[in-house]
Amino acid sequence: MSAYTLPAQALVREVTGPDRTGQISASPSDDGRWDFSLVICDADGQVMTDLSGVIAPADVSLVLSVLPLEVATMGAWGGVPVVADPMAERRRKHPNLYTKWTEAEESALVERFEAGEAYADIAKTLGRTVGGVKARLVRLGHLTAADAGWPMGSLRAAAAD
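Residues numbered from 1 in each chain as written. Predicted model: local features only at pLDDT ≥ 70, side-chain atom pairs only at ≥ 80, totals over all residues. Heavy atoms only, no water.

A. Structural detail: the overall build of the protein chain. Scanning the protein chain from N- to C-terminus turns up six helices and four strands. Seen in sequence order, the protein chain has helices and strands lined up from the N terminus as β-β-β-β-α-α-α-α-α-α. Taken over 161 residues, the protein chain has a buried fraction of 21%. Considering only intrachain contacts with a sequence separation of at least 6, the fraction spanning at least 24 residues in the protein chain is 35%. (Helix = DSSP H or I, 4+ residues; strand = E, 2+ residues; numbered from the N terminus. Buried < 20%, exposed > 50% of the residue type's maximum accessible area, 1.4 Å probe, protein only. Contact = heavy atoms within 4.5 Å.)

Spelled out as structure tokens, the structure:
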């Protein structure tokens, strides 16, 4: 049996809603599974949702296929309206969401960032989310993860204060 090689990466993403802020983080564990955490806080910093655990690489497809339907079902039980196609809704707002960055887009991003333009304005111009803009700046070395507002566990720590 061959040893599992850990990918040299981790995911940290922050999402915001009208009255909630959430952070999801995932990183490879020593046994080859992914440790993940999803924490969502209200405007006062109180943890409203706290999901964490591990996902085996072989289970990612199953989790991806089952979880959206089950979460939508729970929403229906609680009378929460669920967007039928959340990706289509997000792409209406951000046409380049999850598309590959071109060299021209990266150049425009860096130029606007270095000129001091607001993240929201850069994101709107490039058809991306603020999180996507920050993530690309981190990847390009123009911003640290901490400066992007993604220190691991920041929401959980803030809620504990």
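B. Summary view of the sheet that holds strand β3 (residues 34-42). Spatial ordering of the open sheet is given by β1-β2-β3-β4, a layout of four strands whose pairing is antiparallel. Pairing within the sheet leaves two strands with one partner each, and these edge strands are β1 (11-16) and β4 (47-55). Across the sheet, the mean angle separating the axes of adjacent strands is 10 degrees when strand polarity is ignored. Where β1 meets strand β2 (residues 20-28), six bridges bridge the pair, whose relative direction is antiparallel. Counterpart to Thr16 in the pairing with β2 is Thr21. (Pairing = 2+ DSSP bridges. Axes fitted to C-alpha atoms, helices over the stretch in contact; angles between N-to-C directions.)

C. Region of interest: the packing of helix α3 (residues 103-114) against helix α4 (residues 119-126). Across the interface, α3 lies against α4 with an axial gap of 10 Å and an inter-helix angle of 155 degrees. Between α3 and α4, the interaxial angle falls into the category roughly antiparallel. α3 and α4 meet at a crossing whose hand is right-handed. When α3 is examined against α4, the residues Glu105, Ala108, Leu109, Arg112 and Phe113 are found in contact with a partner set consisting of Tyr119, Ile122, Thr125 and Leu126. (Parallel < 35°, antiparallel > 145°, perpendicular 65-115°, else oblique. Left-handed = near helix turned anticlockwise from the far one by under 90°.)

D. Structural view of a nonpolar patch on the surface. A surface patch of nonpolar side chains, amounting to about 540 Å² of accessible area, comprises Val63, Leu67, Val71, Met74 and Trp77. With respect to the helices and strands, the residue Leu67 is situated in helix α1 (residues 60-77). (Patch = residues over 30% accessible without salt bridge, like charges linked within 9 Å, V, L, I, M, F, W, Y side chains within 5 Å. Areas by Shrake-Rupley, 256 points an atom, 1.4 Å probe, with all protein chains shown as cover. Salt bridge = Lys/Arg side-chain N within 4 Å of Asp/Glu carboxyl O.)

E. View of the packing of aromatic side chains. Under the counting rule described, the total for this entry stands at one aromatic pair. Taking the centre distance of 6.3 Å and the plane angle of 20 degrees together, the rings of Phe113 and Tyr119 count as stacked. Of note, Arg128 hangs over the ring of Trp101, and the distance from its end group to the ring centre comes to 4.0 Å. (Phe/Tyr/Trp six-rings, centres within 6.5 Å; stacked < 30°, edge-to-face > 60°. Lys NZ or Arg CZ within 6 Å of the ring centre and 35° of its normal.)

F. Summary view of α1. The terminal C-alpha atoms of α1 lie 26 Å apart, and with 18 residues this matches the ideal 26 Å at 1.5 Å per residue to within 8%. A maximum bend of about 30 degrees is found in α1 at Leu67, where proline Pro68 lies one to four positions downstream. Directly beyond the C-terminal end of α1, a positive phi value near 75 degrees is found at Gly79. (Expected span 1.5 Å × (residues − 1). Bend = angle between axes of the 7 residues up to and from the residue.)

G. Local environment of the packing of α3 against helix α5 (residues 130-139). Interhelical geometry of α3 versus α5 gives an angle of 95 degrees and a closest axis separation of 11 Å. Of the possible angle classes, the one that applies to α3 and α5 is roughly perpendicular. Contacts between α3 and α5 pair Glu106, Leu109 and Phe113 from the former with Val133, Arg136 and Leu137 from the latter. When its residues are assigned to classes, the contact of α3 with α5 shows four nonpolar, no polar and two charged. (Nonpolar A, V, L, I, M, F, W, Y, C, P; charged D, E, K, R; others polar.)

H. Inspection of the pattern of salt bridges at higher detail. Evaluated as defined, the whole model comprises five salt bridges. One salt bridge in this structure joins Asp19 and Arg20, with 3.9 Å as the shortest N-O distance. The exposure class assigned to Asp19 is partly exposed, which follows from its relative accessible area of 46%. With a relative accessible area of 33%, Arg20 lands in the partly exposed category. The partner of Arg136 in a salt bridge is Glu106, and the shortest N-O contact between them spans 2.7 Å. Of this pair, Arg136 sits in helix α5 while Glu106 is found in helix α3, placing the two residues 30 residues apart along the sequence.

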